[in-house]
Structures are given as structure tokens and as C-alpha cells.
Amino acid sequence: MNNKVIYLDNNSTTPLHPEVLETMLPYLKERYGNASSIHFKGREAKKGLEESRAILGDALGTESVDIIFTSGGTESDNFAIKGVAFANKDKGNHIITSSVEHLAVGATCKYLESHGFKITYLPVDKYGAVDLKALKEAITPKTILVSIMHANNEVGTIEPIKEISGIVKAKGIYFHTDAVQSFGKIPVDVEDLGVDLLSLSAHKINGPKGVGLLYIRKGVKIDPVNHGGHHERSLRAGTENVPGIVGFAKAAQIAKRHMKEEPERLRKLRNMLQKGLTDRLDGVHLNGHPTERLPGTLNLSFQGVEGESLLINFDLKGICGSTGSACTAGSNEPSHVLVAMKADPQLAQGSVRFSLGTFNTEEEITYCMEEIPKIVKRLRDISPFKK
Ligand SMILES: *Cc1c(COP(=O)(O)O)cnc(C)c1O
């Protein structure tokens, strides 16, 4: 067991599904055409592109024309926020987001502040759920966009998107959600959620890296962020990543096929790990909502130990976890999500995220339940925090 890696970092990225690879291979080999070319090779690529668009449109409960392919979740978030901000600046300069967003949203909003936009970062409760009263109070006649994530990547908390969209849409304001973590794990339907813009990424659902999409409801006024040729209805210039897009659609189909049993399987394994660790150790705190949470996400704080030291020691035992988000790893700052949730600063330093995925097994979780408590106990014994 020791020479095998137990990958519990699926919120950072996931392994490529073998079926996805099989679907991509012909597009990396013989179907190499540019989807904009009019000859046979171009039409072959175009067919793969448009079939994928239809599959993803269907998965989101919308028509394929509303789907614009991008290079991933980060680009989709940038596109949605900057694109709507610049296209609607004659109407107002106020944008509302939350204090627990992924950096792809948070840093984009920060950037817009330097371009004359005013941003409200909504507070969250102790579970990381957005304060709806604060949202209602934050809306002004100058508000042009609200962007709140569907599910949090660090703690897994699922935001009340339907209620949020109800409040926002009643005021005639555009609503964007980053659904990168929720898609493929819980139902994501643009009509049901009532969103105008929605970001997805392929590599979080066993698809390839470097491909994503932005759903844009018909009629939404948005500027392109990538300027150039007439690809993607002139909204996103650049030759489409056809192999990636075909793989993305396949990954979405596989997720849909297993929607009945896979989230439940992950929830069981996740709960088994949670119970296993809290039964065997004192001073273990759950970060995130106890129930309104992604099925595979488990963010725990271990009292009296640093998250970074835990991860290094887990790694020696072949267990891959993470502290907070992969994008902020190495920064040594406490997670902005845990800070916004007003977590005890010392506990925030001792937080570790386990995120389960398609290829995790019960045997792996059992191994973690045995090894992790030994590591935590050893580190606590030598900890300078020890009383
Ligand atoms: C991973 C992630 C992103 C970024 O997606 P990339 O495809 O890696 O650029 C954005 N938002 C959330 C919530 C994520 O988890």
C-alpha cells in the first residue's frame, strides 16, 4: 500500500478518465483540422466541436448556442466579469461578489477596482454561506452584476444560488455563478438556478486541463475579452481546442451517466473518513457546512498542528491532500475562505482539505483512517503549541 499514491486532492484537479482519453485521441491524431476551415479536415473538426457544444448545452439545460468555449474556469470567470463590466459601464459601476470566491473571481474584481468599478465583497456565515440580507442591502441602482460561486472549492459549502438569483433577477441585474466545483457532482441547470452566466472547467470532472466554457444567456450584454478572429460567435477569439472540448463533453457525459450513484458513493466515503478521524482524534473541527456541502469535500482543522506540516507527513505516506486551494499553496497566509468564515486563526493554520473523486476506493479511505491519526498524534507531541 505504501508505494501507492492515494489522491485526495480532486478539487485541485482530477485524473483524466480513460474513456475521455480514448475520445480525444482521434482529434489529437488524424482529426487535426481547424474548425474554421471550410475543407473536409475543417468540417470534421467542426463536427466534433458542435457535437460537444450540444452535449454540454444539454447537460446544463440550455441550447448549444449559449455555450462559449474557453481555456478553463479562470478564463470563463474573467470573461464573465470583465465582459459584463465593460459592456454595461454606462449603466453603473457596481459589482457584488462574496468574500469566499475562487481567486479567478476575487482577483478579477480587484483588478476592476483599479478601473473605476466599485466592488462589494459579501460576508458569509460560519459555514461559508453568503448572507442574503447583506446581499439585499448591497444592491444599488448602479449594480450591474452579482457573481457568487455555486459551491466553494475549499470547504465545499453549497451557496443558495436559487434564492440569490431570485433576489438579483428581481432587480434586473445580471447574475454570474462559478459552477466549476459543483458541475458533475450536484445538479447544475441554468434555468433551475436562474443564472445569466455560468463558468465550468473540464479538468475538475476527469476531463483535460486547459478547457472550459462560459454559458451566456441570450440577450446578456457582454464584451469579448479575447479579441481576434471570428471564433465562438466573435465572443472569444482563438482557434478552438477541439481535442480538449471533445474530451470535456465526454467527461460531462460520464458524470451524467453516474449522477445517480457516484455522488452518493463519494458522500459515504467522505463521511467514513470524517467519522474515522473524529472518532480517533480529539480536537478535529469540520470547516464548511455539515450537510449543504459537496459530496466529496472534507475540510478539517487539526488543533495544535500546522496544515503544511501535516501535508508533508501525509505525503510521506503517499496521501495527497491540500491546505485550502492549490492556487494559494505556498503562500503561508491563512485561507481567505476560513478568514471570511471567522475561523479561529490557529485552527485555520491547521486546516487540511481532502477532496475525493471518481477513482478513490474504500480501501484507500481505510488506510487514511489508520495512518492520519498516527501522524497527527506524533506532530502534536512535538508541537510548539503543545500546552
Ligand atoms: C479550479 C477552479 C477554478 C479555475 O479553473 P481552471 O480551469 O483551473 O482555470 C475556478 N473556480 C473554482 C471554484 C475552481 O475550483
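Refer to the preceding data block for the structure.
Quick caveat: nothing in here was measured; it's all calculated off a predicted structure.

A. Inspection of the sheet that holds strand 2 (residues 67–70) at higher detail. Read from one edge to the other, the open sheet built from 7 strands follows the order 2-8-7-6-5-3-4, with strand pairing classed as mixed. In the strand order of this sheet, the two ends are held by strand 2 and strand 4 (118–122), each with one partner. For this sheet, the mean inter-axis angle between neighbouring strands, taken without regard to orientation, is 20°. In the packing of helix 2 (residues 40–60) onto the sheet, contacts are made with strand 2, strand 7 (197–201) and strand 8 (212–216), and the angle to strand 2 comes to roughly 115°.

B. Representation of the nonpolar core in the model. With 56 residues, the main nonpolar core has Leu60, Ile164, Leu198 and Phe248 as its most contacted residues. Dropping the residues within four chain positions of it, isoleucine 164 is found in contact with Val130, Leu132, Leu135, Ile148 and Phe175. Counting residues in hydrophobic clusters, the runner-up holds 27 residues, among them Val305, Phe314, Tyr367 and Met369.

C. Expanded view of the site of the ligand. Close contacts around the ligand come from 13 residues, with Thr74, Asp178, Gln181, Ser201 and Lys204 the closest. Here threonine 74 contributes a side-chain N or O atom positioned 2.6 Å from an oxygen atom of the ligand. Here glutamine 181 contributes a side-chain N or O atom positioned 2.7 Å from an oxygen atom of the ligand. It is helix 3 (residues 73–87) that contributes the most residues to the shell around the ligand, 3 residues altogether. Here the shell around the ligand is composed, by residue class, of 2 nonpolar, 8 polar and 3 charged.

D. Expanded view of the sheet that holds strand 9 (residues 284–287). Pairing is antiparallel across the open sheet formed by 3 strands, whose spatial order is 9-10-12. Both edges of this open sheet fall to strand 9 and strand 12 (351–355), since each of them pairs with a single strand only. When strand polarity is set aside, the average angle formed by the axes of neighbouring strands in this sheet is 30°. Two elements, strand 9 and strand 10 (residues 297–302), share 4 bridges in a ladder whose sense is antiparallel. Bridging from a neighbouring strand, asparagine 287 pairs with asparagine 299 of strand 10. Here helix 10 (residues 262–280) sits on the sheet and contacts strand 9, strand 10 and strand 12; the angle it forms with strand 10, its principal contact strand, is near 15°.

E. Inspection of the packing of helix 3 against helix 4 (residues 103–113) at higher detail. Taken N-terminus to C-terminus, the directions of helix 3 and helix 4 make an angle of 30°; their axes are 9 Å apart at the nearest point. In terms of axis orientation, helix 3 runs roughly parallel to helix 4. Between helix 3 and helix 4 lies a crossing whose hand is right-handed. Residue-level contacts link Thr74, Asp77, Asn78, Ile81, Lys82, Ala85 and Phe86 of helix 3 to Ala104, Val105, Thr108, Cys109, Tyr111 and Leu112 of helix 4. For the contact of helix 3 with helix 4, the per-class residue count stands at 8 nonpolar, 3 polar and 2 charged.

Cut-offs and rules
- Residues numbered from 1 in each chain as written.
- Predicted model: local features only at pLDDT ≥ 70, side-chain atom pairs only at ≥ 80, totals over all residues.
- Heavy atoms only, no water.
- Pairing = 2+ DSSP bridges.
- Helix = DSSP H or I, 4+ residues; strand = E, 2+ residues; numbered from the N terminus.
- Axes fitted to C-alpha atoms, helices over the stretch in contact; angles between N-to-C directions.
- Contact = heavy atoms within 4.5 Å.
- Core = buried A, V, L, I, M, F, W, Y, C linked by side-chain atoms within 4.5 Å.
- Buried < 20%, exposed > 50% of the residue type's maximum accessible area, 1.4 Å probe, protein only.
- Near = heavy atom within 4 Å.
- Polar contact = N/O pair within 3.5 Å; in protein donor to acceptor, adjacent residues only side chain to side chain.
- Nonpolar A, V, L, I, M, F, W, Y, C, P; charged D, E, K, R; others polar.
- Parallel < 35°, antiparallel > 145°, perpendicular 65-115°, else oblique.
- Left-handed = near helix turned anticlockwise from the far one by under 90°.

None of this, on its own, says anything about what the molecule does.
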